[in-house]
Amino acid sequence: MKAIVYTKYGPPDVLQLKEVEKPTPKDNEILIRVYATTVTAADWRARSLRVPSPLFRLPARIVFGLIRPKRTILGTELSGEIQAVGKDVKLFKEGDQVFGTSGIGFGAYAEYICLPEDGTIAIKPANMTYEEAAAVPFGALTALFFLRDKGNILSGQKVLINGASGGVGTAAVQLAKYYGAEVTGVCSTTNLELVKSLGADKVIDYTKEDFTKSGQTYDIIFDTVGNISVSRCKRSLKQKGIFLAAVIWLPHLVQMLWTSMIGSKKVIAAISPDTGRTEDLIFLKELIEAGKIKAAIDRRYPFEQTAEAHRYAEKGHKKGNVVITLENNNKI
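Anyway, here's the lowdown on the structure attached to this text. (Residues numbered from 1 in each chain as written. Predicted model: local features only at pLDDT ≥ 70, side-chain atom pairs only at ≥ 80, totals over all residues. Heavy atoms only, no water.)

Here we come to the pattern of salt bridges. Under the counting rule described, the total for this entry stands at 19 salt bridges. As a salt-bridge pair, Glu-193 and Lys-196 come within 3.5 Å of each other at their nearest N and O atoms. Taken together, the residues Glu-193 and Lys-196, both in helix H6 (residues 192-197) and three residues apart, mark about one turn of the helix. Its relative accessible area of 55% is what places Glu-193 among the exposed residues. When salt bridges that share partners are traced, they join Arg-148, Asp-149, Arg-277 and Asp-280 into one network. (Salt bridge = Lys/Arg side-chain N within 4 Å of Asp/Glu carboxyl O. Helix = DSSP H or I, 4+ residues; strand = E, 2+ residues; numbered from the N terminus. Buried < 20%, exposed > 50% of the residue type's maximum accessible area, 1.4 Å probe, protein only.)

Let us now look at unusual backbone geometry. Across the chain, the bulk of peptide bonds are trans and the bulk of non-glycine residues have phi less than zero. Positive phi, close to 60°, is recorded for Leu-49, a residue that is not glycine. Mapped onto the elements of the fold, Leu-49 is located in the loop between helix H1 (41-48) and helix H2 (57-64). Judged by its relative accessible area of 13%, Leu-49 falls in the buried class. A positive phi is found at Lys-240, a non-glycine position, where the angle reads about 70°. Tracing the backbone shows Lys-240 in strand E12 (residues 237-245). Under the relative-accessibility criterion, Lys-240 is labelled exposed at 68%.

This next bit is on the pairing of strand E9 (residues 182-187). The buried fraction of E9 is high, at five of six residues. For strand E8 (residues 158-162) and E9, the ladder comprises five bridges, and the chain directions are parallel. By the bridge assignment for E9, Lys-158 is matched with Glu-182. A crossover connection joins E8 to the parallel E9 through helix H5 (residues 167-178); in handedness this β-α-β unit is right-handed. Pairing analysis gives four bridges linking E9 to strand E10 (residues 202-205), with the strands arranged parallel. Following the sheet pairing, Val-186 is matched in E10 by Ile-204. (Pairing = 2+ DSSP bridges. Right-handed = clockwise from strand over helix to strand, strands pointing away.)

Below, the discussion takes up the packing of aromatic side chains. What characterises a pair of aromatic rings is the spacing of the ring centres plus the angle enclosed by the ring planes. For the structure shown, the criterion picks out seven aromatic pairs. Ring geometry for Phe-64 and Phe-106: centres 6.0 Å apart, planes at 55°, overall tilted. Placement of the pair is Phe-64 in helix H2 and Phe-106 in the loop between strand E5 (97-101) and strand E6 (112-116), with a sequence separation of 42 residues. Per residue, the accessibility class of Phe-64 equals that of Phe-106, and both read buried. One Lys or Arg, Arg-33, reaches over the ring of Tyr-112 and ends 5.4 Å from the middle of that ring. A cation over a ring is seen here: Lys-158 above Tyr-218, with NZ or CZ 5.5 Å from the ring centre. (Phe/Tyr/Trp six-rings, centres within 6.5 Å; stacked < 30°, edge-to-face > 60°. Lys NZ or Arg CZ within 6 Å of the ring centre and 35° of its normal.)

The subject of this paragraph is the nonpolar core. Within the largest apolar cluster, 43 residues are counted, with the highest numbers of intra-cluster contacts made by Ile-32, Val-39 and Tyr-109. Secondary structure elements with two or more residues in this core: strand E1 (2-5), strand E3 (29-38), H1, H2, strand E4 (77-85), E6, helix H10 (306-313) and strand E15 (321-325). Beyond its immediate stretch of four places on either side in the chain, Ile-32 contacts Leu-78, Gly-80, Glu-81, Ile-82, Val-98, Glu-111, Tyr-112, Ile-113, Leu-115 and Ile-121. The next biggest cluster of nonpolar side chains, apart from the first, holds 41 residues, and it includes Ala-122, Phe-146, Ile-220 and Leu-244. (Core = buried A, V, L, I, M, F, W, Y, C linked by side-chain atoms within 4.5 Å. Contact = heavy atoms within 4.5 Å.)

Geometry only, nothing functional implied.
Here is the structure:
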């Protein structure tokens, strides 16, 4: 089969299209023919070893490989069709159209991938193409983890999403609206209309306005990109307000420790789990089919241009998601 392979860390050009052995499913696995995948922050960070803080460089190498990559095929999000199932598989059958994530096991930059049937995989939403479905899991599962599980979001709360036009941000805006919050999205000038179209009640252009100086306060501030000062944001939190950090920097850890000892405001920095999320993915599928969530896709690249897709995505200015397409990707 064809796969995008990398054998050393570095710029996007380390990604090479090669012929590799097609995997065979184990007894508890399903073999998926991949029709679409994406470029997530996890993908380009694993490729480049660019991590949010120097503290994470050694742990990153331990996870991904000290000298060279342990897993040579990247790709976390995917959608496709089941081609074969192991003899013990009960949840899926050949021909099922599915979407999901392989987590930090990666492997989706290939024509075929084997995943355990109890992995984060579900039947694809009936009202989405393969491209659209592939663009959902990483951002939406991350947003759900932070807003619902860590932020305990409630109807009527005022929620600010920083980085509202990114992969996590576009999902966060829609999920916050689903939970009944009043949502403010922070993004650049060119992305204001996108964020409005996803349901944001208010949008702030960070190139023209600093929301921490507006005097407005919020129950939850969700920073999806890690480019704002925690100490400055705390004055924009209500009493018992929560600052959620999806990208962890050293100041977040210091502020977490400090705020746990004094005051009523909280700083929560965490890493969204990449396993055990099947029920959450099914929940998202139901929201999609009910019209509550839609995929935000910025650009689509053919499989052989995966390096170019990485080059664009890691610049940090994408609107929603960057999708990589394989054949048959537009089927519904």
